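These are the residues of each chain, in order.
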Amino acid sequence: FLLLAGVPEEQAFWCLVVVVEEIIPGYFSEGMQAMKVDQRVFSTLLQETLPALGLHLSALGPDNIICSIIASQWLLTLFVHALPDEVTLGLWDILFTQRSRTVLFAACLALLEPHQEAVLATAEMGQCIEVLQSLPALTLGGPFLSTVERLLGSTVSQQYMEEVQGVEGVWLEW
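What counts as what
Going along each chain's sequence as written, the residues are numbered from 1 onward. Note on the predicted model: pLDDT of at least 70 is required for a residue's local features to be given, and 80 or more for side-chain atom pairs to be given and counted; whole-chain, interface and lining totals, by contrast, use all residues. Excluding hydrogens and water, the side-chain values take into account all heavy atoms of the structure. A run of H or I in DSSP counts as a helix once it spans at least four residues, and a run of E counts as a strand once it spans at least two, with each numbered from the N terminus. Relative accessible area decides the class of each residue, using a 1.4 Å probe on protein chains only: under 20% of the type maximum gives buried, over 50% gives exposed, and in between gives partly exposed. The contact criterion used throughout is that any non-hydrogen atoms of two residues lie within 4.5 Å. For the accessible areas, the method is Shrake-Rupley and the probe is 1.4 Å, while residue cover comes only from the protein chains on display. By the counting scheme adopted, Arg and Lys are positive, Glu and Asp are negative, and His together with the chain ends is not counted. Lys charges are placed at NZ, Arg charges at CZ, Asp charges at CG and Glu charges at CD. In these notes, a set of buried Ala, Val, Leu, Ile, Met, Phe, Trp, Tyr and Cys residues joined through side-chain atoms within 4.5 Å is what counts as a nonpolar core. A pairing counts as a salt bridge when a side-chain nitrogen of Lys or Arg comes within 4 Å of a carboxyl oxygen of Asp or Glu. The patches described consist of residues with a relative accessible area above 30% and no salt bridge, like charges being joined within 9 Å and nonpolar side chains (Val, Leu, Ile, Met, Phe, Trp, Tyr) within 5 Å. Helix span, expected: 1.5 Å multiplied by one less than the number of residues in the helix. pLDDT is a residue-level measure of predictor confidence that goes from 0 to 100. Under this definition, polar contacts are N or O atom pairs within 3.5 Å; protein pairs additionally need one hydrogen-donor-capable and one acceptor-capable atom, and for neighbouring residues in sequence, both atoms have to be side-chain atoms.

Points about the overall build of the chain
Phase 1 of the analysis: A tally of helices and strands in the chain yields 10 helices and 0 strands.
Phase 2 of the analysis: From first element to last, N terminus to C terminus, the chain shows the α and β order α-α-α-α-α-α-α-α-α-α.
Phase 3 of the analysis: Its C-alpha atoms give the chain principal-axis dimensions of about 45 × 35 × 30 Å.
Phase 4 of the analysis: A burial count over the chain gives 45% of its 174 residues as buried.
Phase 5 of the analysis: A separation of at least 24 residues holds for 75% of the contacts in the chain among residues at least 6 apart in sequence.
Phase 6 of the analysis: A total of about 8600 Å² of accessible surface is found on the chain, and carbon and sulfur atoms cover 57% of it.
Phase 7 of the analysis: Averaging the positions of the 5 positive and the 20 negative side-chain charges in the chain gives two centres separated by 5 Å.

Describing the nonpolar core
Phase 1 of the analysis: Core analysis: the biggest nonpolar cluster contains 57 residues, and Leu-46, Phe-79, Leu-91, Leu-112, Leu-132, Phe-144 and Val-148 have the highest contact counts within it.
Phase 2 of the analysis: Mapped onto this core, the elements with two or more residues apiece are helix 1 (9-23), helix 2 (33-49), helix 3 (51-60), helix 4 (65-75), helix 5 (85-98), helix 6 (102-112), helix 8 (125-134) and helix 9 (141-153).
Phase 3 of the analysis: Here this core takes 10 residues from helix 6, the largest share from any one element.
Phase 4 of the analysis: Once residues lying within four places of it in the same chain are set aside, the contact partners of Leu-91 are Phe-79, Leu-83, Val-103, Ala-107, Phe-144, Leu-145 and Val-148.

Some words on unusual backbone geometry
Phase 1 of the analysis: Its identity is not glycine, yet Asp-63 carries a phi of approximately 55 degrees, on the positive side.
Phase 2 of the analysis: Tracing the chain through its elements places Asp-63 in the loop between helix 3 and helix 4.
Phase 3 of the analysis: One non-glycine residue, Arg-99, lies in positive phi territory at about 50 degrees.
Phase 4 of the analysis: Looking at the element boundaries, Arg-99 is found in the loop between helix 5 and helix 6.
Phase 5 of the analysis: Residue Arg-99 is classed as partly exposed on the basis of its relative accessible area, which comes to 40%.

Examining the pattern of salt bridges
Phase 1 of the analysis: A full pass over the atoms with the stated rule returns 3 salt bridges.
Phase 2 of the analysis: With a closest N to O distance of 2.6 Å, Arg-101 and Asp-38 form a salt bridge. Of this pair, Arg-101 sits in the loop between helix 5 and helix 6 while Asp-38 sits in helix 2, and the two are 63 residues apart along the sequence.
Phase 3 of the analysis: Overall, the relative accessible area of 0% leaves Arg-101 in the buried class.
Phase 4 of the analysis: Judged by relative accessible area, Asp-38 falls into the buried class, the value being 0%.
Phase 5 of the analysis: The partner of Arg-150 in a salt bridge is Glu-113, and the shortest N-O contact between them spans 2.4 Å. Linking Arg-150 in helix 9 with Glu-113 in the loop between helix 6 and helix 7 (116-120), this pair joins segments that are 37 residues apart in sequence.

Describing a nonpolar patch on the surface
Phase 1 of the analysis: Taken together, the side chains of Leu-16, Val-20, Phe-28 and Met-32 define a hydrophobic patch exposed on the protein surface, amounting to about 350 Å² of accessible area.
Phase 2 of the analysis: Considering the arrangement of structural elements, one finds Leu-16 in helix 1.

Side note on helix 5
Phase 1 of the analysis: Here helix 5 contains 14 residues, and its C-alpha end-to-end distance of 20 Å stays within 8% of the 20 Å for a straight helix at 1.5 Å per residue.
Phase 2 of the analysis: Turning to helix 5, its buried residues are Val-87, Thr-88, Gly-90, Leu-91, Trp-92, Ile-94 and Leu-95.
Phase 3 of the analysis: Remark: Arg-99 follows helix 5 within two positions and exhibits a positive phi of approximately 50 degrees.

Details of the confidence of the model for the chain
Phase 1 of the analysis: Here the chain shows a mean pLDDT of 86. Residues at 70 or above account for 91%.
Phase 2 of the analysis: Under a pLDDT of 50 for its full length, residues 169-174 has, in the predicted model, 22 contacts with residues more than four places off or in other chains.

Quick notes on the side chain of Gln-39
Phase 1 of the analysis: The residue Gln-39 is located in helix 2 in this model.
Phase 2 of the analysis: A polar contact is formed between the side chain of Gln-39 and the backbone oxygen of Ser-68, at a distance of 3.4 Å.
Phase 3 of the analysis: When near neighbours in sequence (up to four residues on either side) are disregarded, Gln-39 contacts Ser-68, Ala-71 and Ser-72.

The following block contains the structure:
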């Protein structure tokens, strides 16, 4: 993605190193343990910050399968295949500045927050996943990135994420 955006090859490589070793360590290790933890963290965060939506997703799919599917699609790709390119680059600017995956959780909430009604209107799991997958295409850079910044300053703080992670019973280095 960075190469396609015009970033020189060596700089793109070192950006990848920062992503894999500092921002999302363990996402691509054997068993993808950190990704599994973050799926649960995302589910917990959703239940606490957007409770009606969290409850609806839980009701439509057993074992938080919808949250797991969406978290995998958004978090594993760092939103590359989800958001328009210019929005992704803006999000990555925040991500590399903060050097924390809390940015990714804030981005998830920023996608869901303005579209809660559309998701709540779904009646079955397949329809719900389809609506959730369409949300990034509706995203405009300025408002979305402002919401991410707002959430990072309040709802999705580093301290809050560590508390949620502690509730999940797993300690990973953020």
